[in-house]
Amino acid sequence: MTFVRRLHRGENTYLYNVRTYRDKKTGKVKQETEYLGKEVIEGGKTVIRPPKRKRGGLRAVLDYGPHMALLKVAQNFGLAKVIEQNIGSHTRIADIGTKIVTLAINSITSDMTIGAIGNWFSRSSLKKRLDITSDDLTPKKVRGVLELLASTNPDITGLIEEALTARIKQLYGEDLDTAVYDLTALTYHGDDNVLAQYGHAYRTTGEKQINMVLAVTLDNKLPLHHKVLPGKIVSVSTIHSFVKELEVFNVRKILLILDRGFYSKKNIEEIRTAKHDVIGALASHLSITKKVLAKSVNIENSRNLLKYPDNVIFFKEIMEDGIRVIVYHDVERRNRQIKSFYDGLAEVESNLRELAGKKFDTKYDLKEELEGICGHYLNHISIRFTKNDQWTFSYKLRHKSIQWVTNRLGKTVLFTTTTLPAADVLKTYREKDVIEKTFQLMKKHGLTPINSNTEPATKARITLSYVGYLLLSLLRMKLDKDTSLEKALSILNEVREVVYKDGSLDLPELTKPQKEILEMTGLL
């Protein structure tokens, strides 16, 4: 338990933060105190004047950084209390809400193993604010929490999700009628996990994966429900069963925001049969994409102007193969891409002219050199090899191929089964980036690779990541529009807290960016 103690000495009042806890070895109740400062009247208001001088020297330096920002949004949300109230009666684990919040923070800020979590906690500022100690986070006790999260009778994860969804609706008034669906592939390192299979990421990673599907709110992208699935490509029937599970959250329909690889006539027909709404991108190699681009050559017309924040965008709607397709043309983006493309091509040509005077003993060596110089531009260059005594080459540009690519620059081609206006279709699709970037951050800081060998352990770990995703989303909502979540976490990562021997705490030598982020999150 934590409380503030006021000590009156003459006319002065001094404030101390007091934390009571039970010593694990002796069983006795002990207290930790932290001097907050002197209570004074300034401008007609009672304020706390912090100590001017730190007494007794330095005791420790703690990692403050992202941990405290995430704890702050968790406390504002009432996260630990909500979890405790809804699953506390199903376990004998004390402070289960606080422990789950702590482990969720760990899951998205550290890639440490279970054995190192207690040490991580003891080096963080969390230990000064929470009513648990590193002794509550031993490997055995952490496994106990994970076993609880993996429980299906009752469904502990389901109870947590229902409680958090109700809290989201209470605090933010989110309309839960429609949710946005997303999927991410989690790399797997280990053996014998039945969930780990070769999926769509195999071509790029060469590794097995486990899929996590997530439903988030339409407005703030706050998580409602997640599911762990085998790593094979998720089918439309799987999506349908996931939507059925959302009925308990009063979600009546789901909006699928899909990547370029999903589109096929079969998938679209199945989605229509299941009555799901979808917004998706079309890959450039598809015949439907080529058709609609050919029909939108005169898109840059005042009749097609779209009012979209900060950009001049033209659009054209086309019904193709019974599908509503919208072509968007972003003028500024096209100009940037055109410059980048031709600057790169000019550099490649310069290197090719320099290489043209050289001779090679083998064709293999020459091809390898050319591939290194040209990179992806090789698709737009025709190479002719010649052998006399040694191998040489000549080249010419494939102008039709270049024209096809440059015509595509600045354009986004989306298909949809919705009746949303074109501006809302584009806005909704681009907001998918918020979800993807949050997943990328989580993967960078410990979400992947998955090492668990059992299905229950995997699901428990991903439940912590689901709670961690909520914390990151809440933190994102605190930031201004010019500060990304990744930037904020990077800046916060350098913040340290000093503990003095008198129990007082300080954040020394904060930079201007650090102060700005801490002010946004309410820590200053």
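A.B. asks: Which parts of the structure should I look at to understand the overall build of the protein?
C.D. replies: Helix and strand counts for the protein stand at 18 helices and 18 strands. Its C-alpha atoms give the protein principal-axis dimensions of roughly 95 × 55 × 55 Å. Taking all 524 residues of the protein together, the buried fraction comes to 46%. A sequence separation of at least 24 residues applies to 62% of the contacts in the protein between residues at least 6 apart.

A.B. asks: Where do I start with the sheet that holds strand β11 (residues 305–308) in this structure?
C.D. replies: What holds strands together in a sheet is hydrogen bonding between their backbones, with the strands either parallel or antiparallel. Taken in spatial order, the nine strands make up an open sheet running β8-β7-β6-β9-β10-β16-β13-β12-β11, and their pairing is mixed. Each having just a single partner strand, β8 (223–230) and β11 make up the two edges of the open sheet. Strand-to-strand, the axes of this sheet are offset by a mean angle of 25°, without reference to chain direction. Relative to strand β16 (residues 411–416), strand β13 (residues 323–330) runs antiparallel, the two sharing six bridges. Counterpart to Val327 in the pairing with β16 is Val413. Together, β12 (311–320), β13 and β16 form the strand contacts of helix α11 (residues 331–355), whose direction differs from that of β13 by roughly 65°. In this fold helix α14 (residues 422–430) packs onto β9 (253–258), β10 (277–281), β11, β12, β13 and β16, with an angle of close to 80° to the strand it touches most, β13.

A.B. asks: Please clarify how unusual backbone geometry should be interpreted in this entry.
C.D. replies: Most of the time, phi is negative for any residue but glycine, and the peptide bond is trans. Cis geometry marks the peptide bond from Asn153 to Pro154, where omega comes out at 5°. Along the polypeptide, Pro154 turns up in the loop between α5 (139–149) and α6 (156–172). The backbone phi angle of Asp321 is positive, close to 55°, even though this residue is not glycine. For Asp321, the location among the structural elements is in the loop between β12 and β13. What makes Asp321 partly exposed here is its relative accessible area of 40%. For Glu509, which is not glycine, the phi torsion reads 50° and is therefore positive.

Reading the values: the criteria
Residues numbered from 1 in each chain as written. Predicted model: local features only at pLDDT ≥ 70, side-chain atom pairs only at ≥ 80, totals over all residues. Heavy atoms only, no water. Helix = DSSP H or I, 4+ residues; strand = E, 2+ residues; numbered from the N terminus. Buried < 20%, exposed > 50% of the residue type's maximum accessible area, 1.4 Å probe, protein only. Contact = heavy atoms within 4.5 Å. Pairing = 2+ DSSP bridges. Axes fitted to C-alpha atoms, helices over the stretch in contact; angles between N-to-C directions.

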